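What follows is the residue order along each chain.
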Amino acid sequence: MLLRTRKAVALIGTLALLGGVSVLMQPTAGASGSPRNESGGRAVVHHGGGAPINSSGANIPYAHLYRIGVNAAEPTIGTTKDGDIFVTALQGNTKVDVVRSTDQGQTWKIVSPKLPGGKNAQAISLDPYLYVDHRTNRVFTIDNTVACLYMSYSDDRGGSWTTNPAMCSHPDVNDHQTIAAGPPSISPTVGYPDVIYYCYNDVVTTSCAKSLDGGINWVSTGQPPFPGVDPNSTSYDYYGVPGVCDGLSGHVYVGHDGTVYMPRGWCGHPYVAISHDEGATWKDVKVSNMGISGHEGVIAEDGAGNLYYMWIDNLTRLPFVSVSTDGGTKWGKPVEVAAPGVKETDLPTLEVGAPGHLAIAYVGSTNAPGAPYKTDSSDAAKYTNVTWNAYLSESVDMLSKNPTFYTATVNNPRDPILRRTCGPDRCGPEYDFIDVDIAPDGTAWAAYVDGCIGACATTKGAGDNSSEGIVGHLAGGPSLWTKQVHDYATVVKKN
């Protein structure tokens, strides 16, 4: 989370991680519970590029906001086949909790892994991460402290956890970690049907490890997905070395056939590394010649093998999605997916259900100053009165030539989640990323952070040093799952 200064050496970055503890105030009392009439309401229907569509159909979704009642940062979210919703809540780099809702976001309960004495098994985190394996319903939570990793998993919806302290022996600098699971492609598994992959940024490269026994033992996958140095690049010289591109990776993803995908902004463009042999070897593919703002690229696959890649363009600061129908070798023309009126965005994320059905989330502003966009804090004065909202969107025809999107702000725009600056890398208390998932009922859920709680909520130019985890839901729209072989319910049932 804090190893983001590209000119810093590894040692300085490590010290910054250890000493740069964020202080987050407690959220407003009684925050957990009902939406409190503060949601964004009915979605806007539009085509790519923000072209609005006049529609009065009954199948247009509504956005709802739910407060989890505790601080949060860099939230990740997962849904189970039972309909439970899990979210991680990082509180000041000194405590991380796993919270669960069993009633569609109305109430939340802390279900963190515990030691025998009652303390959290994973007491400190500099990067929280939660993942639900849809095929098995196992919930994973993983936290890092630079060179140490703590992972726990639960097979009973957070009622009990198994904690693996062995991951704490990993020798490298660990940052921006991510975890995902999927079927094996070359190796037999033991005691658990899926191969679990853990990938992370270690200063300039992206490295991965895998577990064939459900998360107990881990081995390196082999070749790094990205080597950190592009000998053909002359425009990047991070750390004073020509051709060095930063090693910040997106969320690892495992396809239905065991193919592993690692997205990343590399040398200024959206890339994906693809492995068909469980990470032993990788092929790096440029998704687009467009630039990428920050480092966050995200990828997901539907059961038919179509791939969807999302990133923020560095020139327009708007989100784009490109589709590949051949396993990632070739990519289609990028489609701008921002809602009408949005001028600047950050922190893209997506998840895919049935073919062509996807959920999208990002943070965006309708009153950002516009081009030329800020590149560093020197332009902060232009953003004094800028407000930012949590956007949640879905489409069921992304494979068409002119896809339709249903997009809403999770929060009421009169009560923004942030004021002033957001991006192009980090975004206030959201830090480096947000997350979205598709529940078994075919609806989209996303996790954000409300960093505008006190005077910030109603006062122009006001900042805030408090934050609270929030969850958004799009209800009532078209289902993102259909009755096909590869839908959520069938995959879980078969495994």
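Note that the coordinates shown come from a computational prediction; the quantities given were computed from them, not determined experimentally. (Residues numbered from 1 in each chain as written. Predicted model: local features only at pLDDT ≥ 70, side-chain atom pairs only at ≥ 80, totals over all residues. Heavy atoms only, no water.)

Caption draft 1: Layout of the overall build of the protein chain. Secondary structure assignment for the protein chain yields two helices and 31 strands. Here the protein chain holds 495 residues, and 62% of them are scored as buried. Of the contacts formed within the protein chain by residues at least 6 apart in sequence, a portion of 60% connects residues at least 24 apart. Here the protein chain displays about 17,800 Å² of accessible surface, and carbon together with sulfur accounts for 55% of that area. (Helix = DSSP H or I, 4+ residues; strand = E, 2+ residues; numbered from the N terminus. Buried < 20%, exposed > 50% of the residue type's maximum accessible area, 1.4 Å probe, protein only. Contact = heavy atoms within 4.5 Å. Areas by Shrake-Rupley, 256 points an atom, 1.4 Å probe, with all protein chains shown as cover.)

Caption draft 2: The arrangement of the pattern of salt bridges in detail. Enumeration according to the criterion identifies nine salt bridges in this entry. When the shortest N-O distance is used, the salt bridge between Lys210 and Glu278 registers 2.7 Å. Placement of the pair is Lys210 in strand 14 (residues 205-211) and Glu278 in the loop between strand 18 (269-275) and strand 19 (283-286), with a sequence separation of 68 residues. An identical accessibility class is assigned to Lys210 and Glu278; each is buried. By sharing partners, the salt bridges in this structure join Arg67, Asp450 and Glu468 into a single network. (Salt bridge = Lys/Arg side-chain N within 4 Å of Asp/Glu carboxyl O.)

Caption draft 3: Inspection of the packing of aromatic side chains at higher detail. Counting across every chain of the model gives 12 aromatic pairs. With a centroid separation of 6.3 Å and 65 degrees between ring planes, the pair formed by Tyr129 and Phe433 is classed as edge-to-face. Here the residue Tyr129 occupies a position in strand 8 (residues 127-132), and Phe433 occupies one in the loop between strand 28 (418-419) and strand 29 (435-438), the gap between them amounting to 304 residues. Judged by relative accessible area, which is 4%, Tyr129 ranks as buried. Judged by its relative accessible area of 3%, Phe433 is buried. (Phe/Tyr/Trp six-rings, centres within 6.5 Å; stacked < 30°, edge-to-face > 60°.)

Caption draft 4: Broad picture of the pairing of strand 20 (residues 298-301). Residues Val298 and Ala300 line one face of strand 20 and the alternating positions Ile299 and Glu301 line the opposite face, and both faces are buried. Note that strand 20 and strand 21 (residues 307-312) share four bridges and pair antiparallel. Its bridge partner being in strand 21, Ala300 is matched across the sheet by Tyr308. In sequence, strand 20 turns back onto strand 21 through a hairpin of five residues, with Gly305 there showing a positive phi of about 95 degrees. (Pairing = 2+ DSSP bridges.)

Caption draft 5: Quick look at the sheet that holds strand 19. If you walk across this open sheet you meet the four strands as 16-17-18-19, and the pairing is antiparallel. Across the chains shown, the open sheet's two edge strands, defined by having one partner strand only, are strand 16 (253-254) and strand 19. Pairing of strand 17 (residues 260-266) with strand 18 involves seven bridges; the strand directions are antiparallel. Following the sheet pairing, Arg264 is matched in strand 18 by Tyr271.

Caption draft 6: Layout of the state of the cysteines. In this structure the tally under the stated criterion is three disulfides. Each disulfide pairs two cysteine sulfurs, and for Cys422 the partner residue is Cys427, the sulfurs being separated by 2.0 Å. On the sign convention where negative means left-handed, the S-S torsion of about -110 degrees between Cys422 and Cys427 marks this disulfide as left-handed. Across the pair, Cys427 and Cys422 agree in class, each one buried. For Cys452, the disulfide goes to Cys456, at an S-S distance of 1.9 Å. Measuring handedness by torsion sign, the sulfur bridge of Cys452 and Cys456 sits at about -105 degrees and is left-handed. (Disulfide = S-S within 2.5 Å.)

Caption draft 7: Broad picture of the side chain of Thr221. Summarising the element assignment, Thr221 is placed in the loop between strand 15 (219-220) and strand 16. If we skip the residues at most four places from it in the chain, Thr221 touches Tyr197, Cys208, Ala209, Lys210, Glu278, Gly279, Ala280 and Trp282.

Caption draft 8: The arrangement of unusual backbone geometry in detail. Geometrically, the link from Gly423 to Pro424 is a cis peptide bond, its omega value of 10 degrees lying close to zero. A positive phi angle is found at Cys267, which is not glycine, with a value near 50 degrees. Here Cys267 shows up in the loop between strand 17 and strand 18. With a relative accessible area of 11%, Cys267 lands in the buried category.

Caption draft 9: Spatial organisation of the side chain of Thr349. In this fold, Thr349 is placed in strand 24 (residues 344-352). With relative accessibility at 2%, the residue Thr349 sits in the buried group. Discounting chain neighbours no more than four positions away, the residues touching Thr349 are Val298, Met310, Ala359, Ile360, Ala361, Ile434, Asp435 and Val436.

Caption draft 10: Representation of the sheet that holds strand 21 in the model. Overall, antiparallel pairing links the four strands, which are arranged 20-21-22-23 in an open sheet. The two strands at the open ends of the sheet, each matched to only one other strand, are strand 20 and strand 23 (335-336).

Caption draft 11: Layout of the environment of Cys422. Structurally, Cys422 is set in the loop between strand 28 and strand 29. Here the alpha-carbon distance between Cys422 and Tyr383, two residues 39 residues apart in the chain, equals 9.1 Å.

Caption draft 12: Structural detail: the confidence of the model for the protein chain. Looking at the protein chain, the pLDDT average stands at 84 and 81% of residues meet or exceed 70. Contacts for the low-pLDDT stretch residues 1-36, under 50 throughout, to residues beyond four places or in other chains number 97 contacts. Every residue in residues 484-495 is under pLDDT 50, and counting partners more than four places away or in other chains gives 24 contacts. (pLDDT = per-residue confidence, 0-100.)

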